[in-house]
Structures are given as structure tokens and as C-alpha cells.
Amino acid sequence: MSSYVPISSELHKDKRWLRHPSLAFAKTENVTPIFANELVDAIHALPVAFVRHEEGFVLVAVMGLRPEENLLVSGQGRWLANYAPLTYRTRPFMLLETPNNKDQQVLCIEESNFTDGEIGEALFNEDGEITDVVGEILKLLSHYHTTRSLTQDICAALAEQQLIVPWALTVNDGVTEQPFTGLYRIDEAALSTLSDEAFLALRKAAAFPVIYAQLFSMNNMTTLSNLLMHKVREATATQQPKMGDSTFSFSGL
């Protein structure tokens, strides 16, 4: 699990930071959180689903069909899809709530990406202000932070109307077939029988774009299945990974 620390001009004025050279850090994550205002672009490339988290649900992009395997990260750490979720595009930075005030956020960086040498990029300029590059990342994170709260509220509204149900999947890797559990989807049958009151409540919660985006994105599971079959075909019998139980690993919550 990555350790994030708040950046400070007092503590880190002379520090530099390193970009991730690749997306190898995500190779074991088969889902990652995704936010409502990413969906317009994301659903053309990624399956979108819900997973249980604490007492509710989280909206996620699905990237793998086996434990600790991201099919969209190549062996060289390249991203293979046409869209990369925000949680990857802004690494190694993250906007986190302060311990004493959840309404206040602070820009943090993965501690392992600090460097004291000449290598890397500056965090602060000579005036003690964050550099333009870091400022653009902060702007992007701030823009999405508001949507993160909205996305959480939408998931809660969908759960309240009992529209989130288990997504029954069978994974065929070209050799074996195994049930794949742990993902959730929108219940189309329940959606079509919503009462007027429930429909209005979901409309006020801005839930319908998420509903239709999730349903539309389900066809992208075919892309993941094809990637998995291709990977298995390339593996030798002794190197071939076993299916195992469905588990999900992701960061960014």
C-alpha cells in the first residue's frame, strides 16, 4: 500500500519528485475507482461496475478477470486501452482529506517518489509556490474531487432504490470456465418498474447518467475476455496461472 505525505514548502522546498516510468505499479489491480465525470470517455474503453466497500458501493473500472491481474497493463508497463482512469493519470499525487476537517483537502505525494538529487522535477519554485506542472495536477484533482463526492452520493442513491445487484459472470479463458463474483451492476428489470417517486429521487441525485453509462459499458467485458484468452494462449501449460477465487485490489479511495 502506498504511503502518501502532504507536500509542504517548508519541508519539501528543495525536494524533487519522480514520475512513474510506467504503469507497472497497477499490474496487480483488477479494478480502480472511477468518477462520474470520467464516464463519457471511459465507457468506450472500459467495463464499469460497482464493488462493495465498507457499508456501501464504489463505482469502478474493471481491468482484469482474475485475482491480482490487470489485463490493460502490458508486460512493459504500457497502458493498452484508449482511456486511463484519473487515479492513474495523476499518480504519484493524490488529494486527501485532512484528519481534523473532512471538508478540507491537501495535496499529497507518494513518499517513495521523493528524490534529493538533481534527478526528477521540482515541487516548488524559488518563491516557494508549487510549480506549474504540479499546479495543473492539483487543478485536475480538485476538479474531480467534487465529482468524487457526487459519485459516492449517486452510488448511495442507487443502493437505496435497490438497483445494484450482483453481476453474474462466467470467465472463459479458452481453457477453463469459472464463475466470477464480486462485481455488481444495474438491475435493468428493477429500473423499468421504478415508481414515479423513486424515478424523481434518482433524477435529483443525477444518477441516470451513471445508470446508462454502466449498462452501456458492459459490452466492454468482451475486450477483457479476448485479452485474457490471448494471454493464456501465449502461456505454456506450466506457466499458466490458475483461476482462484475472485478478489479485487485497488487504490485511490
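Just so it is clear, the model here is predicted, and its values are computed rather than measured. (Residues numbered from 1 in each chain as written. Predicted model: local features only at pLDDT ≥ 70, side-chain atom pairs only at ≥ 80, totals over all residues. Heavy atoms only, no water.)

Caption draft 1: Main features of the overall build of the protein chain. Within the protein chain one finds eight helices and 13 strands. For the protein chain, whose C-alpha radius of gyration is 20 Å, the value lies close to the compact-globule estimate of 18 Å for 253 residues. A principal-axis box enclosing the C-alpha atoms of the protein chain has dimensions of 60 × 55 × 30 Å. Within the protein chain, buried positions represent 45% of all 253 residues. (Helix = DSSP H or I, 4+ residues; strand = E, 2+ residues; numbered from the N terminus. Rg over C-alpha atoms; globule rule 2.2 N^0.38 Å. Buried < 20%, exposed > 50% of the residue type's maximum accessible area, 1.4 Å probe, protein only.)

Caption draft 2: Just the nonpolar core, in detail. The biggest cluster of nonpolar side chains holds 60 residues, and the ones touching the most others in it are Leu46, Phe50, Trp79, Leu158, Leu183, Leu202 and Ile211. In terms of residues, this core owes the most to one element, strand β5 (residues 56-62), which gives six residues. The next biggest cluster of nonpolar side chains, apart from the first, holds 13 residues, and it includes Val5, Trp17, Leu107 and Leu123. (Core = buried A, V, L, I, M, F, W, Y, C linked by side-chain atoms within 4.5 Å.)

Caption draft 3: Inspection of the pattern of salt bridges at higher detail. Taken as a whole and judged by the stated rule, the model has six salt bridges. Measuring nitrogen to oxygen at the nearest pair gives 2.9 Å for the salt bridge that ties Glu69 to Lys231. One end of the pair, Glu69, is in the loop between β5 and α3 (86-89); the other, Lys231, is in helix α8 (residues 221-234), with 162 residues separating them in the sequence. Between Glu110 and Arg91 there is a salt bridge; the shortest N-O distance is 3.2 Å. A residue pair is termed long-range when its members are at least 10 positions apart, and Glu110 in strand β7 (residues 101-110) and Arg91 in the loop between α3 and β6 (93-98) qualify at 19 residues. What emerges from the salt-bridge pattern is a single network uniting Arg66, Glu69 and Lys231. (Salt bridge = Lys/Arg side-chain N within 4 Å of Asp/Glu carboxyl O.)

Caption draft 4: Fine view of the confidence of the model for the protein chain. In this model, the protein chain carries a mean pLDDT of 88, and residues with pLDDT of at least 70 account for 91%. Confidence drops under a pLDDT of 50 for residues 245-253, and excluding neighbours within four residues, the segment shows 32 contacts in the predicted structure. (pLDDT = per-residue confidence, 0-100. Contact = heavy atoms within 4.5 Å.)

Caption draft 5: Structural view of the side chain of Thr147. Mapped onto the elements of the fold, Thr147 is located in helix α4 (residues 132-160). Of the residues examined, Thr147 reaches a relative accessible area of 10% and is grouped as buried. Dropping the residues within four chain positions of it, Thr147 is found in contact with Phe35, Ala36 and Asn37.

Caption draft 6: Inspection of the packing of aromatic side chains at higher detail. Enumeration according to the criterion identifies seven aromatic pairs in this entry. Relative to Tyr88, the ring of Trp79 has its centre 5.7 Å away and its plane inclined at 70 degrees; by these criteria the two rings are edge-to-face. A relative accessible area of 16% places Trp79 in the buried class. Judged by centre distance (4.7 Å) and plane angle (45 degrees), the rings of Phe199 and Phe208 are tilted. Overall, the relative accessible area of 40% leaves Phe199 in the partly exposed class. An aromatic cluster is present here, built from Phe25, Trp79 and Tyr88 joined pairwise through their rings. Residue placement shows Lys15 over the ring face of Phe114; its charged tip is 5.7 Å from the ring centre. (Phe/Tyr/Trp six-rings, centres within 6.5 Å; stacked < 30°, edge-to-face > 60°. Lys NZ or Arg CZ within 6 Å of the ring centre and 35° of its normal.)

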